[in-house]
Amino acid sequence: MKPPILAIVMSTVISGTIMVLISSHWLTIWIGFEMNMLAIIPILMKKFNPRAMEASTKYFLTQATASMLLMLGIIINLLLTGQWTVLNMPNPIASNMMTAALAMKLGLSPFHFWVPEVTQGVPMSSGMILLTWQKIAPLSILYQIAPSMNPNLLMAMAIMSVLVGGWGGLNQTQLRKILAYSSIAHMGWMVAVTTYNPTLMLLNLTIYITMTLGTFMLFMLNSSTTTLSLSHTWNKLPLIASLILMTMLSLGGLPPLSGFIPKWMIIHELTKNDMAIMATFMAMTALLNLYFYMRLAYATALTMFPSTNIMKMKWQFESTKNTTLLPPLIMISTMLLPLTPMVLTLF
């Protein structure tokens, strides 16, 4: 894709999301979602091949269905209240329809089937945008309509998403699919706390985005798409291998790393609201995610792939990829835990 066209398309994606974030009128929110959806499709088809075409079609069909459901919810709400404002949603049917539409846009279970397929079919950079930037707009609407949503429906979707995100990634060897299932599980954690403390959802989203961006950039630097290609990393870039180990453990939510903050806070919040069983269940399902992150970390940094001396020739080739954002992203996604009190005051 030529740079001017890419710039136009990216600016449309960004302005669509910003339009959703700043609007308080349902029609402009819906238009923002549509702009965003139509502009992301050329980005998904950047490297044009049948797989990218199929992935983009799947993405378009699910997002269009979600937009239709959202519009139906908006119209039902309009007929009952006579208002287009976001914060006035007394009707449970409209509220449930909008929740289902946003769940479909986010890829929450049971509407999750498109996420691994689309992420696997598109290039790494497009997958990165899909699993980070594309989550901001729907979550901002969830944040706004949180008080009028059905907590039982949200909890059911959260439990299913955490389970699917854990079980689905276990037998995967493709890195993009693993990150897609990881995204489904993280969305489950965010939605679980939405009804009790929506601000924690924003904290979780921020940390999730930094961790996922860091992970994708490390994989792109290495040009790895499978566990096998990742296992050659120690031979070419030993430092990158240890950084992948750190970010994987952080994504899994292990204590000394940043990924532990949102899990800790969400479990704390759920326990405060007499949801101790739910918190225990979610903590246990997080172990499933940790297992497949550990498997990646093990393949990358903890075993030495059998190699001949000829393979050492790769040392001579310098990587020409731009890594300006990588150091800050890795620092944020691993070393934020001591700053938890400050992070909590910010959120």
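Remember, predicted model here, so these are calculated numbers, not experimental data.

K.L.:
Give me the lowdown on a nonpolar patch on the surface, citing residues and values where you can.
P.N.:
Where nonpolar side chains cluster on the molecular surface, the patch consists of Ile14, Ile18, Leu21 and Ile22 and spans about 350 Å² of accessible area. Judged by relative accessible area, leucine 21 falls into the partly exposed class, the value being 37%.

K.L.:
So what's going on with the nonpolar core? Residues and values would help.
P.N.:
One finds Trp26 and Phe219 to be the most contacted residues of the largest nonpolar core, which totals 99 residues. If one sorts the elements of this core by residue count, helix H10 (residues 198-222) sits on top with 13 residues. Residues in contact with tryptophan 26, not counting those within four places in the same chain, are Leu70, Ile74, Asn77, Trp84, Thr85, Val86, Met89, Met98, Ile141 and Ile145.

K.L.:
Report on the side chain of serine 95, specifying residues and quantitative values.
P.N.:
With respect to the secondary-structure elements, serine 95 resides in helix H4 (residues 92-106). Leave out the neighbours within four places in its chain, and serine 95 touches Met89, Ser148, Met149 and Asn150.

K.L.:
Describe the UniProt feature "domain: NADH:quinone oxidoreductase/Mrp antiporter transmembrane" (unreviewed entry) in the chain, naming the residues involved and giving the relevant values.
P.N.:
Per the UniProt entry, the sites bearing "domain: NADH:quinone oxidoreductase/Mrp antiporter transmembrane" (unreviewed entry) are residues 23-287 in this numbering. Between the C-alpha atoms that bound residues 23-287 the distance is 39 Å, and the span itself is 77% helix and 0% strand.

K.L.:
Give me the packing of helix H2 (residues 26-44) against helix H3 (residues 50-81): which residues, what numbers.
P.N.:
Put simply, H2 and H3 touch, their axes get as near as 10 Å, and they point 175 degrees apart. Classified by the angle their axes make, H2 and H3 are roughly antiparallel. Across the interface between the two elements, Trp26, Leu27, Trp30, Phe33, Glu34, Met37, Leu38, Ile40, Ile41 and Leu44 from H2 touch Ala52, Ser56, Tyr59, Phe60, Gln63, Ala64, Ser67, Leu70, Met71, Ile74 and Asn77 from H3. Across the contact of H2 with H3, the residue classes break down as 16 nonpolar, four polar and one charged.

K.L.:
Quick one: what's the story with the packing of aromatic side chains, residue by residue and with numbers?
P.N.:
To describe a pair of aromatic rings, you give the distance between the ring centres and the angle between the ring planes. Applying the stated criterion to the full structure yields three aromatic pairs. Seen in terms of ring centroids, phenylalanine 260 and tryptophan 264 are 5.7 Å apart; in terms of plane orientation they differ by 10 degrees. Their pairing is stacked. Of this pair, phenylalanine 260 and tryptophan 264 both sit in helix H14 (residues 260-272), four residues apart, which is roughly one turn of the helix. Here phenylalanine 260 falls in the partly exposed class, since its relative accessible area comes to 24%. By relative accessible area, tryptophan 264 is classed as partly exposed at 40%.

Rules used in this analysis
- Residues numbered from 1 in each chain as written.
- Predicted model: local features only at pLDDT ≥ 70, side-chain atom pairs only at ≥ 80, totals over all residues.
- Heavy atoms only, no water.
- Patch = residues over 30% accessible without salt bridge, like charges linked within 9 Å, V, L, I, M, F, W, Y side chains within 5 Å.
- Areas by Shrake-Rupley, 256 points an atom, 1.4 Å probe, with all protein chains shown as cover.
- Salt bridge = Lys/Arg side-chain N within 4 Å of Asp/Glu carboxyl O.
- Buried < 20%, exposed > 50% of the residue type's maximum accessible area, 1.4 Å probe, protein only.
- Core = buried A, V, L, I, M, F, W, Y, C linked by side-chain atoms within 4.5 Å.
- Helix = DSSP H or I, 4+ residues; strand = E, 2+ residues; numbered from the N terminus.
- Contact = heavy atoms within 4.5 Å.
- UniProt positions renumbered as here; feature names shortened; annotations may be inferred.
- Axes fitted to C-alpha atoms, helices over the stretch in contact; angles between N-to-C directions.
- Parallel < 35°, antiparallel > 145°, perpendicular 65-115°, else oblique.
- Nonpolar A, V, L, I, M, F, W, Y, C, P; charged D, E, K, R; others polar.
- Phe/Tyr/Trp six-rings, centres within 6.5 Å; stacked < 30°, edge-to-face > 60°.

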